[in-house]
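Listed here are the chains, written in short residue letters.
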Amino acid sequence: MTESGSVAWPPAPIKTERLVLREPEARDRAAFIELFTSPEVNTYLGGPRPRDECERTLPEIPERRPGLFVIELDGAMIGTIELNRRDAERRSHVRPDAGEAELGYLLLPEAWGHGYAAEACAAALDWFADALPDEPVVLCTQTANDRSMRLAAKLGFTEVQRYEAWGAAQWMGMWSPDTPPA
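All values derive from a computational prediction rather than experimental measurement.

Undergrad: Please clarify how the packing of aromatic side chains should be interpreted in this entry.
TA: Aromatic ring pairs are reported here in terms of the distance separating the ring centres and the angle at which the planes meet. A complete count under the given rule lists 4 aromatic pairs for this structure. Aromatic side chains phenylalanine 32 and phenylalanine 36 sit 5.8 Å apart centroid to centroid with 45° between the ring planes, which places their arrangement in the tilted category. In this pair, phenylalanine 32 and phenylalanine 36 both sit in helix H1 (residues 29-37), 4 residues apart, roughly one turn of the helix. Since its relative accessible area comes to 5%, phenylalanine 32 is described here as buried.

Undergrad: Is there a simple way to think about the nonpolar core in this case?
TA: As a rule of thumb, soluble globular proteins bury nonpolar side chains together. Counting 35 residues, the largest nonpolar core has Leu21, Ile71, Ile78, Ile81, Leu103, Val137 and Phe157 as the members making the most contacts within it. Of all elements in the fold, only strand E2 (19-22), strand E3 (68-73), strand E4 (76-85), strand E5 (101-107), helix H3 (116-131), strand E6 (137-142), helix H4 (146-155) and strand E8 (168-175) reach the threshold of two or more residues within this core. Considering every element that reaches this core, the biggest residue donor is H3, with 11 residues. Ignoring any residue separated from it by four or fewer positions in sequence, one finds leucine 103 in contact with Ile81, Glu82, Leu83, Cys121, Leu125, Val137, Val138, Leu139, Leu155 and Phe157. Counting 11 residues, the second largest nonpolar core, distinct from the first, contains Phe32, Val41, Cys54 and Leu108.

Undergrad: Any chance you could explain H1 here in plain terms?
TA: Note that an α-helix has 3.6 residues per turn; residues three or four places apart therefore point the same way. Among the residues of H1, those classed as buried are Arg29, Ala31, Phe32, Ile33, Leu35 and Thr37. Those residues of H1 that are buried lie in contact with helix H2 (51-57), E3, E4 and E5.

Undergrad: Quick question: what am I supposed to make of H4 here?
TA: For H4, the complete set of buried residues consists of Ser148, Leu151, Ala152 and Leu155. Around the axis of H4, the buried residues are gathered within 100° of arc, so they sit on the same side. Buried positions along H4 lie against E5, H3, E6 and E8. Once H4 finishes, glycine 156 follows within two positions and takes phi at roughly 95°, a positive value.

Undergrad: Explain the pattern of salt bridges here, please?
TA: Where charged atoms from two side chains of opposite charge come close, those side chains can pair. Counted by the stated rule, this structure contains 13 salt bridges. Between glutamate 55 and arginine 51 there is a salt bridge whose closest N-O contact spans 3.8 Å. A residue pair is termed a helical-turn pair when its members lie 3 or 4 positions apart in one helix, as glutamate 55 and arginine 51 do in helix H2 at 4 residues. Here glutamate 55 falls in the partly exposed class, since its relative accessible area comes to 40%.

Undergrad: What is the right way to look at the sheet that holds E6 in this model?
TA: The strands that make up a sheet pair up through hydrogen bonds in the backbone, lying either parallel or antiparallel. The mixed open sheet is built from 8 strands, whose spatial order is E1-E2-E3-E4-E5-E6-E8-E7. A single partner strand is all that each edge strand has here, and the edge strands are strand E1 (14-15) and strand E7 (158-165). H1 contacts E3, E4 and E5 of the sheet and is inclined by roughly 70° relative to E4. Where H3 meets the sheet, it contacts E1, E2, E3, E4, E5, E6 and E8, and its direction lies at approximately 40° from that of E4.

Each value, and the rule that gives it
- Residues numbered from 1 in each chain as written.
- Predicted model: local features only at pLDDT ≥ 70, side-chain atom pairs only at ≥ 80, totals over all residues.
- Heavy atoms only, no water.
- Phe/Tyr/Trp six-rings, centres within 6.5 Å; stacked < 30°, edge-to-face > 60°.
- Helix = DSSP H or I, 4+ residues; strand = E, 2+ residues; numbered from the N terminus.
- Buried < 20%, exposed > 50% of the residue type's maximum accessible area, 1.4 Å probe, protein only.
- Core = buried A, V, L, I, M, F, W, Y, C linked by side-chain atoms within 4.5 Å.
- Contact = heavy atoms within 4.5 Å.
- Arc of directions from axis to C-beta.
- Salt bridge = Lys/Arg side-chain N within 4 Å of Asp/Glu carboxyl O.
- Pairing = 2+ DSSP bridges.
- Axes fitted to C-alpha atoms, helices over the stretch in contact; angles between N-to-C directions.

Quick look at the structure:
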């Protein structure tokens with residue numbers, strides 16, 4: 001988490017029943033390129049990046065930064081989770097001073113439909129609640145992204161607002177440690 005104050009980073013790897021959430025490593029580079037260049041993954045994120053650009057610009061060891069977890073299944077990266085502080089300039093906030101944490105996730109298409117996103121996000125939210133108790137987390141997605149809307153509900157995010165941005169209807173939900181998952 002950028003500006004996370006007293007949160008130690010990186011945390012020890014977080015293990016769930018099937019997954020490990022950990023820092024990025026050099027061996028993850030190819031999976032990062034697949035995530036960033038996949039038309040399916042980037043349908044609601046402005047489209048895929050050009051592969052040649054990613055191969056040229058992505059460092060050999062993907063960026064390690066507070067709040068970024070690799071999702072690993074059986075020793076291979078299948079996606080990422082990020083918990084980042086929102087910029088004060090963003091048009092939507094749940095706190096008067098802005099700066100709330102925002103949950104983001106990307107999974108490779110072959111990992112879709114197995115419950116990995118819910119399992120990984122729930123683990124990251126549990127870690128966040130332990131590290132920064134009483135801090136809300138927001139999630140924003142296009143309303144057209146049915147999978148993301150279902151995941152938000154399953155994780156216990158409640159709608160805060162809907163708005164237009166980037167030429168599409170957007171949804172913003174909030175999660176707090178006190179919110180029971182659906």
